[in-house]
Amino acid sequence: MLLRDGAAGEVLLPYAAAVILADGACLPIPAETHVRGADGGIELRGSAHGFSVELRLGPPVADTPGEAPAADASRPAPGHTPEHDGTGPSTGGHGTRADTAPGRDTPEFPGPGDAHGPRPAAAPGGDTLRREAVLTVRRTAAPPEEPAAVSAGLRVELRLGPTDDPGWLIPGVFYGQNRLPECERPYPRYQRGAHDPGGMVADAWSFRADRCATPAVFARDRLGGAALSLAETGGLGQQGVGFALLPGDRPALRLHAPYREEPVGYYGSATPLPPDTPLHTWRPGEEHTLRFTIHLTGADPHAYAPVLRALHERTPEPAAPAAWTGIEETAALAAHGLHRWHYRPDPPVLLETAAFDREALGERGDRQAMHVSWVSGTPYAHALLLHARRTGDRARAEAAVGVLDHIAGNLAPGGTFWGQWGARRGWTAGWTPDPHRLHARTLGDATLFLLRALRAERSRGHDHPAWERAVRSNLAVAVAGQRPEDGRPAAAHHSDTGAPLSHLGAAGLAWIAPLTEAAAAFDAPELLAAARRAGAAYAADVHAEFLCGAPEDVSLAPTSEDGYNAVIAYTLLHEADPGDPRWAALARRAADWTLTFRYTYDVTFGPHTLLGRYGFRTRGGDQASPSNQHLHAFGLICLPETVRLARHLGDPYYLRSARENLDCFRQFVARADGDFNAYRGMVSERFYQTDCFQAKGMLLTLSHAWSAGVLLYACETARDLPEFKESL
């Protein structure tokens, strides 16, 4: 059944359904009859191999949600004034708590033709069509030579036209080739014509649905694209998605019920697990229904965006927010946890981890180290200092200042920060394999948040000249490391000289934000010029829908953290240079890519698991990366930029997502000693929503400085955003 001809990109339904047996044999059940309805719906019927099928395809309808206006790049948003937290432009004001206030989902955005101007054009990605599908499969009387009951799974498949770039996307799980060949971290990778299960490289992959931020699979040919989506669970249990490159370079999109994980299973280690291919035992007369959606898209690599937006809007959610605590209470808990469990005074550091179990593990379970940013350091000391100044807590303010002094006062010989302090070895490069290789994302984030701390302190009459010297020194190295031909910042710097060691990947995106903010703070237009060159240099990466290299431990692999860096960078560039329409467009594209990692639904947990027993809701949480498949709260680092981007674009979609992100991670901050076996203020790094690293439904029993710190940062900055009108 041809659903779209080749002129707009071929989309073929090769059979009504297929059954997959225990030996892996795939037995197609062809459509013997089909009937088209007056509304464009289609009904297909067929029978084979002891099964009968009926597939009902609904009429094609527009899959594009309400118009998503683009930015008016000719002027900044209303209320474009610096705030006391040092994060850049936002407006102040507090109100009633958004959890209970009427109209919390009605943000104060300009409407069509109001005082702020007409509604601009729609977002990129193009219009899409969808067909809702209902597949009913029945086990009929078996032939005499076959057993009455048979173990089998179901497959639905779409096939596209030939292409040399299928552009695979499984949100949160698979992005194009999924890792560069130079990436040293093994996890599933696509390569045309390959079948190396041991090396986790193949041209066909299938995954269980709960790994997916949205259970969907996308691909494209030279002229168009398509996607299949379904729910996490159905009548046959956990469902799944997959893809394969068929002979003739034809992409195939697949759905499975029950799920299949093949050619190998991935559990977070370099050693793959055997394939996981559960089946259902069908008895004569037994019938099951599989519901799914077919999406027809254009060939634009960004065509996934309207589909995911529409799926997010159509996915039901409970009326009450997921959050256990309000913003003010959450901030107080996170500040307590960060100071009580992670701060050490000699030397002043924020230890990266603290064990939940203080009796059996105690200090031995605490990582005696501090990165200058990323998993500890300046962003979270800045957040603690914001909270301490606001609440008048002198002890916490002194602790935060001490940590920032310690980092700013110990630069590497090359002029940048070091990567990490450790109790045994002092200052070192961090988690990079080369002892002289300093990761640009770690350095850039440290510079940005030290600058923000400096600005916030100066607004309150406190000056720290050493912080400014450290910021200027790091930025000088960043500018010197830009590639001469295009301005691309270095991905890593030599600790002794500051010289660039590599420009591969997008780790250097993290330099754009401090360059942009320092240009205003220090009245240095040359820094904004450097930021513009860097922003232009990374535009191709954003348009390719493949950003990689942000974390030290998952270099050259796409991660949600790469998206956060891009959202921050391009939002700040738009605010500093609103006359250039590139920055708002790139910020939108970066935000859409980032939201492919964000869960649009609540995963189903077993009632006897910790997450199930506490009713943990995953909507709004982010998959860390295809390599690290667990939920994490790091997206809160760009909450203020995401909210301001929504304001600039007049698009409430990004605000709703930011709100869901903060709601999600106001779960599981320990409200008292003993809460989920933690101590008051502890915050875990990992929530296991699928079988990776730990069993589904478990929680990592370590409090992380960054987890408490980024939650505190988000709460402190949200207080000054009018979109978060919480009672404090």
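Notes on the structure in this doc start here.

Parameters at a glance
- Going along each chain's sequence as written, the residues are numbered from 1 onward.
- Confidence filtering applies because this is a predicted model: local features only for residues at pLDDT of at least 70, side-chain atom pairs given and counted only at 80 or more, and all residues used for totals across whole chains, interfaces and linings.
- Neither water nor hydrogens contribute to the side-chain values; these are computed over all heavy atoms in the structure.
- Here a strand is any run of E in DSSP of at least two residues, a helix any run of H or I of at least four, and the numbering for each starts at the N terminus.
- Exposed residues in this analysis have more than 50% of their type's maximum accessible area, buried residues have under 20%, and partly exposed residues fall in between, with area computed by a 1.4 Å probe over protein chains only.
- A 1.4 Å probe and the Shrake-Rupley method give the accessible areas. Residues count as covered only by the protein chains that appear here.
- For the purpose of charge, His is not counted, nor are the chain termini; Lys and Arg are scored as positive and Asp and Glu as negative.
- The location of each charge is read from NZ of Lys, CZ of Arg, CG of Asp or CD of Glu.
- For two strands to be treated as a pair, DSSP must find no fewer than two bridges joining them.
- Here, axes are lines fitted to C-alpha atoms. For helices the fit covers the stretch in contact, and angles between N-to-C directions go from 0 to 180 degrees.
- As used in this record, nonpolar core signifies buried Ala, Val, Leu, Ile, Met, Phe, Trp, Tyr and Cys residues forming a set joined through side-chain atoms within 4.5 Å.
- When checking whether two residues touch, look at their non-hydrogen atoms; a contact exists if any pair is within 4.5 Å.
- Any Lys or Arg side-chain nitrogen located within 4 Å of an Asp or Glu carboxyl oxygen qualifies as a salt bridge.
- Pairs were defined over the aromatic rings of Phe, Tyr and Trp, the Trp ring being its six-membered one, requiring ring centres within 6.5 Å. Orientation was assigned from the angle between planes: stacked under 30 degrees, edge-to-face over 60, tilted for the rest.
- A ring has a charge above it when a Lys NZ or an Arg CZ is no more than 6 Å from the ring centre and no more than 35 degrees off the ring normal.

**As for the overall build of the protein chain**
Then, in step 1: Looking only at helices and strands, the protein chain features 15 helices and 36 strands.
Then, in step 2: Considered along the principal axes of its C-alpha atoms, the protein chain spans approximately 85 × 60 × 50 Å.
Then, in step 3: Counting over 728 residues, the protein chain shows a buried share of 62%.
Then, in step 4: Element-wise, carbon and sulfur atoms account for 53% of the exposed surface of the protein chain, whose accessible area totals about 24900 Å².
Then, in step 5: Separation between the mean location of the 70 positive side-chain charges and that of the 85 negative ones in the protein chain comes to 1 Å.

**Structural notes on the sheet that holds strand S29 (residues 420-422)**
Within a sheet, adjacent strands bond to each other through the backbone by hydrogen bonds, running parallel or antiparallel.
Then, in step 1: A sheet is described by the order of its strands in space; here three strands give the open sequence S28-S29-S30, paired in antiparallel fashion. The sheet is open, and its two borders are formed by strand S28 (369-371) and strand S30 (426-428), each paired with just one other strand. Between one strand and the next, the sheet's axes are offset by a mean angle of 20°, whatever the strand orientation.
Then, in step 2: Pairing analysis gives three bridges linking S29 to S30, with the strands arranged antiparallel. Along S30, the bridge assignment pairs glycine 422 with glycine 426.

**Regarding the nonpolar core**
Then, in step 1: Within the largest apolar cluster, 206 residues are counted, with the highest numbers of intra-cluster contacts made by Phe292, Tyr570 and Leu662.
Then, in step 2: Broken down by element, this core gets its largest block of residues, ten residues, from helix H15 (residues 705-718).
Then, in step 3: The residues touching leucine 662, leaving out its near neighbours within four places in the chain, are Ile327, Leu636, Leu639, Leu711, Ala714, Cys715, Ala718 and Phe724.

**Here we look at the pairing of strand S9 (residues 129-139)**
Across a regular strand the side chains alternate sides, sitting on one face of the sheet and then on the other.
Then, in step 1: Looking at chain direction, strand S7 (residues 51-57) and S9 are connected through seven bridges and run antiparallel. By the bridge assignment for S9, valine 53 is matched with valine 137.
Then, in step 2: Pairing of strand S8 (residues 61-62) with S9 involves two bridges; the strand directions are antiparallel. Bridge assignment links valine 61 to a residue of S9, and that residue is arginine 130.
Then, in step 3: Direction of pairing for S9 relative to strand S24 (residues 287-297): antiparallel, over a ladder of ten bridges. Residue glutamate 132 lies in a different strand from S24, and its bridge partner there is threonine 293.

**Quick word on the pattern of salt bridges**
Then, in step 1: Following the criterion strictly, the structure yields 56 salt bridges and no others.
Then, in step 2: We note a salt bridge from arginine 220 to aspartate 165, for which the minimum N-O separation is 3.1 Å. Remark: aspartate 165 occurs in the loop between strand S10 (150-160) and strand S11 (169-170) and arginine 220 occurs in strand S17 (residues 216-220); sequence separation between them is 55 residues.
Then, in step 3: Residue classification places aspartate 165 among the partly exposed positions, given a relative accessible area of 40%.
Then, in step 4: The salt bridge involving glutamate 723 is made with arginine 647; its shortest N-O contact spans 2.9 Å. With a gap of 76 residues between them, glutamate 723 in the segment after H15 and arginine 647 in helix H13 (residues 639-649) connect regions that are remote in the sequence.
Then, in step 5: Residues joined in a network through salt bridges with shared partners are Arg208, Asp210, Glu232, Asp691 and Lys696.

**Overview of the sheet that holds strand S15 (residues 201-202)**
Then, in step 1: Strand order in the open sheet made by the three strands is S13-S15-S14, with mixed pairing throughout. Sheet topology places strand S13 (189-190) and strand S14 (195-196) at the edges, where each strand pairs with a single neighbour.
Then, in step 2: In terms of strand pairing, S13 meets S15 through two bridges, oriented parallel. Among the inter-strand pairings, tyrosine 190 is bridged to a residue of S15, identified as alanine 202.

**Focus on the side chain of threonine 594**
Then, in step 1: Secondary-structure assignment places threonine 594 in helix H11 (residues 581-594).
Then, in step 2: Residue classification places threonine 594 among the buried positions, given a relative accessible area of 4%.
Then, in step 3: With near-sequence residues (within four places) excluded, threonine 594 lies in contact with Ser560, Gly563, Tyr564 and Val567.

**Considering the packing of aromatic side chains**
Then, in step 1: All chains considered together, the criterion is met by 31 aromatic pairs.
Then, in step 2: Between phenylalanine 51 and tryptophan 282 the ring centres are 5.4 Å apart and the planes differ by 85°, which places this aromatic pair in the edge-to-face class. You can see phenylalanine 51 sitting in strand S7 and its partner tryptophan 282 sitting in strand S23 (residues 280-282), a full 231 residues away along the chain. No difference in accessibility class separates phenylalanine 51 from tryptophan 282, as the two residues are buried.
Then, in step 3: Relative to tyrosine 601, the ring of tyrosine 599 has its centre 5.4 Å away and its plane inclined at 35°; by these criteria the two rings are tilted. Grouping residues by exposure puts tyrosine 599 and tyrosine 601 together as buried.
Then, in step 4: Here the aromatic residues Trp324, Phe356, Phe605, Tyr614, Phe616, Phe665, Phe668, Phe676 and Phe687 are joined through ring pairs into a cluster of three or more.
Then, in step 5: Directly above the ring of phenylalanine 634 sits arginine 441, whose terminal nitrogen or CZ lies 5.3 Å from the centroid.
Then, in step 6: We note arginine 659 situated over the ring of phenylalanine 724; from NZ or CZ to the ring centre the distance is 5.4 Å.

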